[in-house]
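One-letter residues, chain by chain:
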Amino acid sequence: QVQLVESGGGLVQAGGSLRLSCAASGRTFSNYAMGWFRQAPGQEREFVATRAGLIYYADSVKGRFSISRDNAKNTVYLQMNNLKPEDTAVYYCAARGSPIASRTAGQYDYWGQGTQVTVSS
């Protein structure tokens, strides 16, 4: 079992930055692919970024967001720069019981509770 706790969300003006953190507890963190997803009101959950050996980003965040991980701290981060109002959503951290990165939410086994990010125009 893996427990994930996100933090770092909040309200920011367009063009600003936030860094989300996701602390993991449980099994060996380095064996898991980690991902970030988001869900806006009335919309489906969508892929944002994932990191294992490879790193993938959604086209909508490429060049603005950066995913990193510190295996010694069992933590994955999402640095979000040049935020836009359309980035407003609940952001979820997810862990996949495989070292292979995936863009597909259904392939992740564990999820955090989510953290709200609101970008004002």
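What counts, and at which threshold
Residues numbered from 1 in each chain as written. Predicted model: local features only at pLDDT ≥ 70, side-chain atom pairs only at ≥ 80, totals over all residues. Heavy atoms only, no water. Core = buried A, V, L, I, M, F, W, Y, C linked by side-chain atoms within 4.5 Å. Buried < 20%, exposed > 50% of the residue type's maximum accessible area, 1.4 Å probe, protein only. Helix = DSSP H or I, 4+ residues; strand = E, 2+ residues; numbered from the N terminus. Contact = heavy atoms within 4.5 Å. Disulfide = S-S within 2.5 Å. Pairing = 2+ DSSP bridges.

Participant: What's the story with the nonpolar core in this structure? I'm lost.
Facilitator: Side chains that are nonpolar tend, in soluble globular proteins, to be buried together. By size, the foremost hydrophobic cluster in this structure holds 33 residues, and its most contacted members are Leu4, Met34, Trp36, Leu78, Met80 and Tyr91. At the level of secondary structure, the elements contributing two or more residues to this core comprise strand S1 (2-7), strand S3 (18-26), strand S4 (33-39), strand S5 (46-51), strand S7 (65-70), strand S8 (75-80), strand S9 (89-96) and strand S11 (115-120). Once residues within four sequence positions are removed from consideration, Leu78 is found in contact with Leu18, Arg19, Leu20, Trp36, Val48, Ala49, Phe65, Ser66, Ile67 and Tyr91.

Participant: Got a minute to help me understand the state of the cysteines in this structure?
Facilitator: What makes a disulfide is a covalent bond joining the sulfur atoms belonging to two cysteines. Tallied over the full model, the rule gives 1 disulfide. Through a disulfide, Cys22 is tied to Cys93; the S-S separation comes to 2.1 Å. Between Cys22 and Cys93 the sulfur-sulfur dihedral comes to about -75°; the bridge is accordingly left-handed. Highlighted residues: Cys22 in strand S3 and Cys93 in strand S9, separated in sequence by 71 residues. As far as the burial class goes, Cys22 and Cys93 line up, both buried.

Participant: Looking at this model, I keep getting lost on the environment of Ala105. Mind explaining?
Facilitator: With respect to the helices and strands, the residue Ala105 is situated in the loop between S9 and strand S10 (110-111). C-alpha separation for the pair Ala105 and Phe47, spaced 58 residues apart in sequence, amounts to 7.1 Å.

Participant: I keep staring at the pairing of S3 and nothing clicks. Help me out?
Facilitator: Strand residues, when the strand is regular, have side chains that alternate between the two faces of the sheet. Inspection of the sheet shows S1 paired to S3 by 6 bridges, in the antiparallel sense. Residue pairing across strands places Val2 opposite Gly26, the latter belonging to S3. By the bridge criterion, 6 bridges tie S3 to S8 in an arrangement that is antiparallel. Looking across to S8, one finds that Leu20 is bridged to Leu78.

Participant: Where do I start with the pairing of S11 in this structure?
Facilitator: Across the two faces of S11 the burial differs, with Thr115, Val117 and Val119 buried and Gln116, Thr118 and Ser120 not buried at all. Relative to S11, strand S2 (residues 10-13) is paired through 4 bridges, and the arrangement is parallel. Within S11, the position partnered with Gly10 by the bridge is Val117. Note that S9 and S11 share 3 bridges and pair antiparallel. The residue of S11 that forms the bridge with Val90 is Gln116.

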